[in-house]
Every structure is written in C-alpha cells, then in structure tokens.
Amino acid sequence: GESVGLHLPTLSVQEGDNSIINCAYSNSASDYFIWYKQESGKGPQFIIDIRSNMDKRQGQRVTVLLNKTVKHLSLQIAATQPGDSAVYFCAETGPGNNRKLIWGLGTSLAVNP
Amino acid sequence: DAGITQSPRHKVTETGTPVTLRCHQTENHRYMYWYRQDPGHGLRLIHYSYGVKDTDKGEVSDGYSVSRSKTEDFLLTLESATSSQTSVYFCAISEIAGLDTQYFGPGTRLTVL
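Given the structure is predicted, the values throughout are model-derived calculations rather than measurements.

**Q** Residue-level account of the overall build of chain A, with values.
**A** Within chain A, the secondary structure is distributed over zero helices and 10 strands. Secondary structure of chain A in N-to-C order comes out as β-β-β-β-β-β-β-β-β-β. Sorting the 113 residues of chain A into buried and exposed places 41% on the buried side. Nonlocal contacts in chain A, meaning residues at least 24 apart in sequence, comprise 53% of its contacts between residues at least 6 apart. Roughly 5900 Å² of accessible area belongs to chain A as shown, and the carbon and sulfur atoms make up 49% of that amount.

This is the structure we're talking about:
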C-alpha cells in the first residue's frame, strides 16, 4: 500500500549559503538526467539537464554534477534564496526503458532567512 | 506552465463514478503524458501518447484509460473511480521522448470518497 505521511528527505540551509542536493540513480544504462523543482501546489518545473557524455553542466546559479562510476547525480544551488524553497526531483532515462523518465522521490529544500 | 492547461483543477467524486480529466496544450508537442503524484511514491507514469491515436501504458495503468484524438488534447478516464485513485494528476508534454525536458501542467487534485 501507499506510505501515507512518509516524509521526504529535507535539507535546511541559511539564505545565502550554497545547497547541494544528491540523487542516486538506478540504471547504469541511463544517458539523460534532469533536475526538476516543484513548488507547493504547482507542477514540476525544469531546472537543468545533463547527458551522460558530460560530468558537469552549469546554469544560472545551478550546477549539475554526474558521477557515472557510482551512479550519483547532484544539484548545487549557489547563494540559496527563499524562492528556492521547494521539492527537488531528479529523473533519469535511457534506451533500455523506452525513454520513459524514472523519477526519484524528491528532496525538500527549506531556506531559512 | 508552457502552454498546458488541465481541467478540472479540483474534483471530488464518489466511488464507482466515471471521471475524465483533460489536458490541453498549445505547443504542438508530439508526446503527452499522464502522471499521478502521491506521498512516498513521487511521480508515477500512468499512460503516455506518442501521437494522435497512439498511446501506451505506463507503470500504474490499471483502472485508467486514455484517448488522444487531436494533437492538443489528451484525456485520462477513470472508468469507475476508487478511493485508491485519490491523487494529484499531472499532464506533461515533450517534443522528443526522453531526450528533452518534459513540461508540466498545473495539476488536478482528485478526491474519491
């Protein structure tokens, strides 16, 4: 049955600090990875993506790191702001699963002013 | 929300009644998806479409059917709603399957009593 009330992992940071959100992905054949942000009451919103031929990709205030050796993905947010408070999801896909996205369970980021 | 609307946004219904949720896009994207989101389970794919009249099952398709008669519309039907189908339902679209980002609608909160 469903795990009603299961709490998400939570990361609490001070405004202005850097945040690092981690994700362990499941399939070594996955070749495309995405980070999404979901604010309360809204749909997930694309943040940044990375393909498996890269180790690092930078966006505006965000950096994604990919370590294929240990199947680990991380999202770094620089100078975290209150507006960054949300649930963050990683997702992976690859040729072995018909290109459907496999979603992580999410991490809740709380930014303290 | 990238030109994606969902209707209704909220619905309360009774066990055993049929329910249809609608997703409408103005982006002319080929792929459309229906997900459900529940605490402890993250996002789970119900059905997806890779073109008009072309649909396939996701990981939690039992009790759901879909139809896509036009590029812009993707309907999700619960033939006989059950309390276990109480959830938040999200529609998403993408141009390419699994190699680009999916854009999400605002969601429909469905409660089955």
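**Q** Quick rundown of the sheet that holds strand 7 (residues 72-77) of chain A? Include the residues and the values.
**A** All names here are of chain A. A sheet is described by the order of its strands in space; here four strands give the open sequence 2-7-6-5, paired in antiparallel fashion. Each of the sheet's edge strands pairs with one partner strand only, and the pair in question is strand 2 (19-24) and strand 5 (56-58). Direction aside, the axes of adjacent strands within the sheet are offset by 15 degrees on average. Taken together, the three bridges between strand 5 and strand 6 (residues 62-67) define a ladder with antiparallel strand orientation. Across the sheet, the residue bridging to Lys56 is Leu65, located in strand 6.

**Q** Break down the pattern of salt bridges for me, citing the residues and quoting the values.
**A** Applying the stated criterion across every chain, the model contains eight salt bridges over all chains. A salt bridge links A:Lys42 to A:Glu39; its shortest N-O distance comes to 3.9 Å. Classification of A:Lys42 by relative accessible area gives partly exposed; the value is 46%. Of the charged contacts, one joins A:Asp55 and A:Lys68 as a salt bridge, the two residues approaching to 3.4 Å between their closest N and O atoms. With a gap of 13 residues between them, A:Asp55 in the loop between strand 4 (45-51) and strand 5 and A:Lys68 in the loop between strand 6 and strand 7 connect regions that are remote in the sequence. By relative accessible area, which is 38% here, A:Lys68 ends up partly exposed. Through salt bridges that share partners, B:Arg22, B:Lys70 and B:Asp73 make up one connected network.

**Q** Describe unusual backbone geometry, naming the residues involved and giving the relevant values.
**A** Here the residue pair B:Ser7 and B:Pro8 is connected by a cis peptide bond, since its omega of -10 degrees sits within 30 degrees of zero. For B:Pro8, the location among the structural elements is in the loop between strand 1 (4-7) and strand 2 (10-13). Positioned with a positive phi, A:Ala79 is a non-glycine residue whose angle comes to about 50 degrees. Note that A:Ala79 resides in the loop between strand 7 and strand 8 (86-93). Take A:Ala79: its relative accessible area is 36%, and that puts it in the partly exposed class.

**Q** Outline the interface of chain A and chain B, supporting the account with residue identities and numerical values.
**A** If you look at the interface, chain A gives 23 residues, while chain B gives 25 residues. Joining chain A to chain B, the criterion identifies zero salt bridges. Between chain A and chain B we count four residue pairs in polar contact (both at pLDDT 80 or more) in total. Secondary-structure elements contributing two or more residues to the side of chain A that touches chain B are strand 3 (32-38), strand 4 and strand 8 of chain A. Residue composition of the side of chain A that touches chain B, grouped by class: 10 nonpolar, eight polar and five charged.

Rules used in this analysis
- Residues numbered from 1 in each chain as written.
- Chains lettered and ligands numbered in written order.
- Predicted model: local features only at pLDDT ≥ 70, side-chain atom pairs only at ≥ 80, totals over all residues.
- Heavy atoms only, no water.
- Helix = DSSP H or I, 4+ residues; strand = E, 2+ residues; numbered from the N terminus.
- Buried < 20%, exposed > 50% of the residue type's maximum accessible area, 1.4 Å probe, protein only.
- Contact = heavy atoms within 4.5 Å.
- Areas by Shrake-Rupley, 256 points an atom, 1.4 Å probe, with all protein chains shown as cover.
- Pairing = 2+ DSSP bridges.
- Axes fitted to C-alpha atoms, helices over the stretch in contact; angles between N-to-C directions.
- Salt bridge = Lys/Arg side-chain N within 4 Å of Asp/Glu carboxyl O.
- Polar contact = N/O pair within 3.5 Å; in protein donor to acceptor, adjacent residues only side chain to side chain.
- Nonpolar A, V, L, I, M, F, W, Y, C, P; charged D, E, K, R; others polar.

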